[in-house]
Amino acid sequence: MCPVKLPEGGSDTLIGLDFQCACGRRHKVEVKHVSVGSGIIRNVPQVLRELGLTGRFALVYDKHIGPIAERMLFPVLDRPGIRYEHICYEKPDEVKASVESSDEMRSMLPKDLDFLMVMGSGTMNDLTKWAATVLGIPYVVVATAPSMNGYTSSISALSHGGFKTTQDITPAAAVVADVDILKEAPLDMIRAGMGDLLSKNVCNADWRLSHHLKNTYFCEVPSQMTRRQETYYLAHAAELGARDAEAVRQLTEAVMNSGFSMAIVGESSPSSGSEHLISHYWEMQCEMSGRPINLHGAQVGVGTLIAAEIYERARRMRPDDIDLDRARKNHKNADQLREIINQYYGEVAERTFEEMSRKAVSWPEKERELTTFKSNWEDIWRDLERFLRPRAELEQALAAACGPTRASEFGFSRQETADAIRFSRLMRNRYTILDLTDEVGWLDTWADDIAEEFAG
Ligand SMILES: [Zn+2]
Ligand SMILES: [Zn+2]
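Rules used in this analysis
- Residues numbered from 1 in each chain as written.
- Chains lettered and ligands numbered in written order.
- Predicted model: local features only at pLDDT ≥ 70, side-chain atom pairs only at ≥ 80, totals over all residues.
- Helix = DSSP H or I, 4+ residues; strand = E, 2+ residues; numbered from the N terminus.
- Expected span 1.5 Å × (residues − 1).
- Buried ≥ 20, exposed ≤ 12 C-beta atoms within 10 Å, placed from the backbone.
- Domains from an automatic or database assignment.
- Contact = placed C-beta atoms within 7 Å.
- Nonpolar A, V, L, I, M, F, W, Y, C, P; charged D, E, K, R; others polar.
- Pairing = 2+ DSSP bridges.
- Right-handed = clockwise from strand over helix to strand, strands pointing away.

Caption draft 1: Focus on helix H6 (residues 187-198). For H6, which comprises 12 residues, the first-to-last C-alpha distance of 17 Å matches the rise-based estimate of 16 Å (1.5 Å per residue) to within 8%. Of all 12 residues in H6, 9 are buried, a share of seventy percent or more.

Right under this line is the structure:
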């Protein structure tokens, strides 16, 4: 099954990876340097020199990171030959992760910069990546929390006109992740990193499912990458919650690998499936109702448990439970889909419909897909099970790290949770277990039950 044997070890072993894969695509890691370890921030000047980044740059960070930057990074940078300007966000909580905010950042930057450097995670990273891409200059990332996989990825997740989108960006020239800094990140962010990584179990199954039913592109290499540290951090989840340096290091390596896993195939499928859709749906609800946005990875962790539950329920069904006659009656045409989307997606309904309708197919085509599933039931499930882990195991790990395991912990109601289960699949073109179980009429009957468990 394995088309290629990846080198053992950390994310740095993937630097320089470049090969033509059996999947038909060329896999290339474009990031030139990644390092994860204790005390390595002092190597930043050397990394810059090695990459030929000797000109003037702007260092982007926010006021939460300011004191850490002052203690750990400024002393390293303040030496002859290094020229940089500070761009410090004083009110980061008011900055949206949007293309508009990134454009604003760009307008604040001094002219004629040779590259950018960002010290931070999440929004600061996304804004900097996009700004550097638009300016056509390189950027370097000094990571501060293992909360997200965006450091090494080639996409940024910024909203545009209120609609959640992803943009293709130039990957970072270098990523430096000093574990001495990352292990001191807020515990919620460390737990969020694990929540986001747990999703790999579900999203690779979703990606594979789509391949089986819709004959879409799939490759095994990304999941090989993201699996390398999984056994360790699942077994050491409690240590993560206690800021153990080795556990944080392993998690950070996995975070870097996750970013690479998307970059090498040029799409986010290996690190984002049904669980991310559920999380994106909640996030959009928060945005529309003006509530604060929760940590992405923390929500994804709960989305993963819900998706794993749906997989397990589906696995307990039998091929005969797929009633094609019922599926035909349940099948929605474009007008019906538009009506549902209008109801749940407010002002972004039109763009949501445009995006989602690309995976909508006519009934004869859908009948072919469902028949494929019905007649190859056992083979397909056995294949999907290579990627899935039991929900109980994932939940145990999240609980051991004291991360959220229920939607109610974010303040989502039972109704909002049931809506996310039923309607988040309408957000994207991506085909997942949410689509399949909806098409055969199971999801609707399970949604309230599952919502009761997760937000009762
Ligand atoms: Zn491949
Ligand atoms: Zn994610």
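Once the structure has been displayed, the description carries forward.
Caption draft 2: Geometry of unusual backbone geometry. Positive phi outside glycine occurs at Asp112, with the angle close to 60°. Within the fold, Asp112 resides in the loop between helix H3 (99-108) and strand E6 (115-119). Taking the number of C-beta atoms within 10 Å as the measure of exposure, Asp112 has 8 and is therefore exposed. Here the phi dihedral of Asn215 falls at roughly 60°; this positive angle occurs in a residue that is not glycine.

Caption draft 3: Inspection of the domain arrangement of the protein chain at higher detail. Annotation of the protein chain at the domain level lists domain 1 (11-185) and domain 2 (196-217 + 266-455). In this structure, domain 1 and domain 2 have C-alpha centres spaced 31 Å apart. Each partner contributes residues to the interface: domain 1 has 8 residues there, and domain 2 has 12 residues. Residue classes in the side of domain 1 that touches domain 2 are distributed as 3 nonpolar, 4 polar and 1 charged.

Caption draft 4: View of the pairing of strand E5 (residues 83-89). With 7 bridges joining them, strand E4 (residues 56-62) and E5 adopt parallel strand pairing. Residue Leu59 lies in a different strand from E5, and its bridge partner there is His86. The handedness of the E4 to E5 crossover, carried by helix H2 (residues 66-77), is right-handed.

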